[in-house]
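Here is how the chains run, residue by residue.
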Amino acid sequence: MSDQSTSGPVLAADATPLKRSLARALRLQKMRALALIAPLLLFVLITFIAPIADMLFRSVENQIVSETLPQTVVALADWDPTTGEAPDEAVYRALAADLKVAVEDKTHTRLGSRLNYELTGASSLFRKSGRKVKRMDLESDTSFKEAFSDIDRKWGEVAIWETIQTYSPKYTNGYFLNAVDMRKGPDGPEARPENQQIYMMLFGRTLFMSLVITMSCIILGYPVAWLLANLPTRTSNLLMILVLLPFWTSLLVRTSAWKVMLQQQGVINDTLVWLGLVADDARLVMINNQFGTIVAMTHILLPFMILPMYSVMQTIQPSYLRAAKSMGATNWTAFWRVYFPQSVPGIGAGSILVFILSIGYYITPEIVGGNTGTFISNRIAYHISSSLNWGLAAALGAILLAVVLLLYYVYDKIVGIDNVKLGG
C-alpha cells in the first residue's frame, strides 16, 4: 500500500470519507428523533406556551382607547391636566366624531367598561353619551363642549379626560399596577385608596394558606406513607387503594361533602355537641373561612403528598435501621439520623406538587372559603368570567406565575432540585 493511500482519509463502504458518512448518519438519526417528538412538542407549544404568551401580551395590551377614539387621542396629546381645566373645543369635536363611529360599531360600551376599571362611572357615561351623540350634527356651528356638558357634567371635569389621556397608549403597565393595588397618577404610579386595596392581601393570603396546606399534608401524609412502605405487600396494596379512592370521586362532590360536614348544623358540630365538648348554642364556625379551606384542600391534596413520599420510602433499605440499632442507636435516633434524611427527597417532591397545585386552586376556596378563605385564583376567575377584565386577570396570572417561579428558584438554591425524587 502506498504512502498516499495510508495518509489519506478513511473511507466508508460507499467510498465516501468515514467522517462525512458518520456526520450524515448522526444527522439523520437526530432528524428521526425530532420527527418522533414533533407531535408532542407541537402539542406543548399550542396548549402551554401559546396561552402563557397570550396571557403576557394581554397583561400589557391596551389598544381599545386608541382604536375607538383615534382623533380624540391625537387632539388630547397636548392637553395638560395639571391646569385643572377641561380640554378645548377641538377635543370635544374629535370626541363627537369618534363616538359617532364607535356607536355604529357598538364599541363605545366596551371602551366605557375598560375605563370604568380606572374611573368609576365611565361605563354609564359612555353608554349615555353614545345615545345622544348619535343625533349630533358634526357640521353644525354649535359648541360641542357645551353639548357634552349638557349630556353629563362629568365631561366638563378633568378626571375623565385625564383617564382617557393616561390610557391612550397602545401598551400600558396599568394592569400590573392595579394587580399590586396601585394606579397611574399625574405624577406617576401611586397607591390606590385603602378601601380599594385587595390584591396584595389576596396574594399574601394565598401564599400563607398554601404553605399551611402543604405543611398539613406533610404532617398527615408522612405516617401514612411510612406505613405503606413498611407493611406487608398485601396490606400495603389494600391501604393504597384507600389512598387512591378520592381520585375516583368528583372534586366538586368531595368539596360539597366538606361543606355539609363543617357547617354549624353539620356532622362534626353535632358530634361535638353530643360528646358534650361544645355547647349547642356555641357551635364552632368551621365553614366560609380559612379553616374550612385548609381542611377541605388538605383532604383533596393529601394523596399528592403521600404518593411521592411512599415511592421514595420504598427504596430505603430496612438494613440501614438495623445497622444503626446494632451500633447502639435508639429507635428515635435511628429514625431521625438514618431514615428521615433518606425520605427528605420524597417530602420535597410532594411539597412542590402540593404547593403548586394549592396556589392555583379556586373551586374549593370558592365553595368553602367565604370572604376570608378565597385565593387570588378566585379573583382571576372572576375577572375572566364575570367582569371580563381579561387584562387585569392576565396581569394577576403573570404575577402569580412569577411568584411560583421565584419560590421554585429559592427552593432550588436552598434545598437543591436535584435532591427531589419520585422514587428509585
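Residue positions within a chain follow its written sequence, with the count starting from 1. For a predicted model such as this one, the threshold for reporting local features is a pLDDT of at least 70, and the threshold for listing and counting side-chain atom pairs is 80 or more; totals across whole chains, interfaces and linings nevertheless cover every residue. Where side-chain values are given, they derive from all heavy atoms of the structure, hydrogens and water being excluded.

Draft legend 1. Representation of the overall build of the chain. A run of DSSP states H or I qualifies as a helix once it reaches four residues; a run of E qualifies as a strand once it reaches two. Both are numbered from the N-terminal end. When helices and strands are counted, the chain shows 20 helices and two strands. Radius of gyration here is computed from C-alpha atoms only, and the compact-globule reference equals 2.2 Å multiplied by the residue count raised to the power 0.38. Taken over the C-alpha trace, the chain has a radius of gyration of 32 Å; the compact-globule value for 424 residues is 22 Å, which it surpasses by more than 25%. Taken over the C-alpha atoms alone, the chain extends approximately 105 × 100 × 35 Å along its principal axes. Here the chain holds 424 residues, and 38% of them are scored as buried. Surface accessibility follows the Shrake-Rupley procedure with a 1.4 Å probe radius. Residue values consider only the protein chains on display as shielding. A total accessible area of about 24500 Å² is found for the chain, and carbon and sulfur atoms account for 63% of it. A positive count includes Lys and Arg, and a negative count includes Asp and Glu. His and the chain ends are not counted in either. All charge positions are set by atom: Lys at NZ, Arg at CZ, Asp at CG, Glu at CD. Here the chain holds 36 positive side-chain charges and 32 negative ones, and the gap between their average locations is 15 Å. Remark: exposure states derive from per-residue accessible area (1.4 Å probe, protein chains only) relative to the maximum for the residue type, with buried under 20%, exposed over 50%, and partly exposed in between.

Draft legend 2. Summary view of the pairing of strand 2 (residues 188-191). Two strands qualify as a pair provided DSSP detects at least 2 bridges between them. Two strands pair when backbone bridges link them, and strand 1 (residues 182-185) and strand 2 are joined in this way by four bridges, in the antiparallel orientation. In the sheet register, Lys-184 faces strand 2, and the bridge partner there is Pro-189. Connecting strand 1 to the antiparallel partner strand 2 that follows it, the hairpin turn spans two residues.

Draft legend 3. Highlighting unusual backbone geometry. Positive phi is not limited to glycine here, since Lys-106 has a value of about 60°. Structurally, Lys-106 is set in the loop between helix 5 (89-105) and helix 6 (108-116). At Asn-288, a position not held by glycine, the phi torsion is positive, near 60°. Tracing the backbone through its elements, the reader meets Asn-288 in the loop between helix 14 (267-274) and helix 15 (290-313).

Draft legend 4. View of the packing of helix 13 (residues 251-262) against helix 14. Axis lines are fitted to C-alpha atoms, over the contacting stretch for helices. Their N-to-C directions set the angle, which ranges from 0 to 180 degrees. The contact between helix 13 and helix 14 brings their axes to 5 Å, and the two run at 30°. The angle between helix 13 and helix 14 falls in the class roughly parallel. Contacts between helix 13 and helix 14 involve Trp-258, Val-260, Met-261 and Leu-262 on the former and, on the latter, Val-267, Ile-268 and Asn-269. Grouping the amino acids of the contact of helix 13 with helix 14 by side-chain chemistry returns six nonpolar, one polar and no charged. Each angle is binned into one of four classes, with values under 35 degrees roughly parallel, values over 145 roughly antiparallel, values of 65 to 115 roughly perpendicular, and all other values oblique. Two residues form a contact once any of their heavy atoms are found within 4.5 Å. Throughout, the ten residues Ala, Val, Leu, Ile, Met, Phe, Trp, Tyr, Cys and Pro are labelled nonpolar, Asp, Glu, Lys and Arg are labelled charged, and all others, Gly among them, are labelled polar.

Draft legend 5. Quick peek at the side chain of Thr-163. Mapped onto the secondary structure, Thr-163 falls in helix 9 (residues 158-166). Polar contact is defined as a pair of N or O atoms within 3.5 Å, subject to the rule that within protein one atom must be able to donate a hydrogen and the other to accept it, and that residues adjacent in sequence are counted only when both atoms are side-chain atoms. Polar contacts involving the side chain of Thr-163 include one to the main-chain carbonyl oxygen of Ala-159, which spans 2.9 Å. Setting aside anything within four residues of it in sequence, one finds Thr-163 in contact with Leu-115, Glu-118 and Leu-119.

Draft legend 6. Broad picture of the pattern of salt bridges. Salt bridge, as applied in this entry: a Lys or Arg side-chain nitrogen positioned within 4 Å of an Asp or Glu carboxyl oxygen. Taken as a whole and assessed by the stated rule, the structure comprises eight salt bridges. Glu-190 is the partner of Arg-183 in a salt bridge, and the nearest nitrogen-oxygen pair spans 3.1 Å. Bridged by salt links that share partners, the residues Arg-114, Glu-118 and Arg-192 form one connected network.

Draft legend 7. Spatial organisation of the packing of aromatic side chains. Here the aromatic set is Phe, Tyr and Trp, taking the six-membered ring for Trp, and pairing holds for ring centres within 6.5 Å; pairs whose planes are under 30 degrees apart are stacked, those over 60 apart are edge-to-face, and all others are tilted. Tallied over the entire structure, the rule returns 14 aromatic pairs. With 5.8 Å between their ring centres and 40° between their planes, Trp-332 and Phe-335 make a pair best called tilted. Here Phe-335 and Trp-332 lie together in helix 17 (residues 331-359), a separation of three residues that amounts to about one turn. Judged by centre distance (5.7 Å) and plane angle (10°), the ring pair of Trp-332 and Trp-336 falls under stacked. Remark: Trp-336 and Trp-332 occur in helix 17; sequence separation between them is four residues, near one turn of the helix. Taken together, the ring pairs in this structure connect Tyr-222, Trp-332, Phe-335, Trp-336, Tyr-339 and Phe-340 into an aromatic cluster. Two conditions define a charge sitting above a ring: the NZ of Lys or the CZ of Arg must be within 6 Å of the ring centre, and it must be within 35 degrees of the ring normal. The residue whose ring lies beneath Lys-184 is Tyr-167, and the NZ or CZ to ring-centre distance is 5.4 Å.

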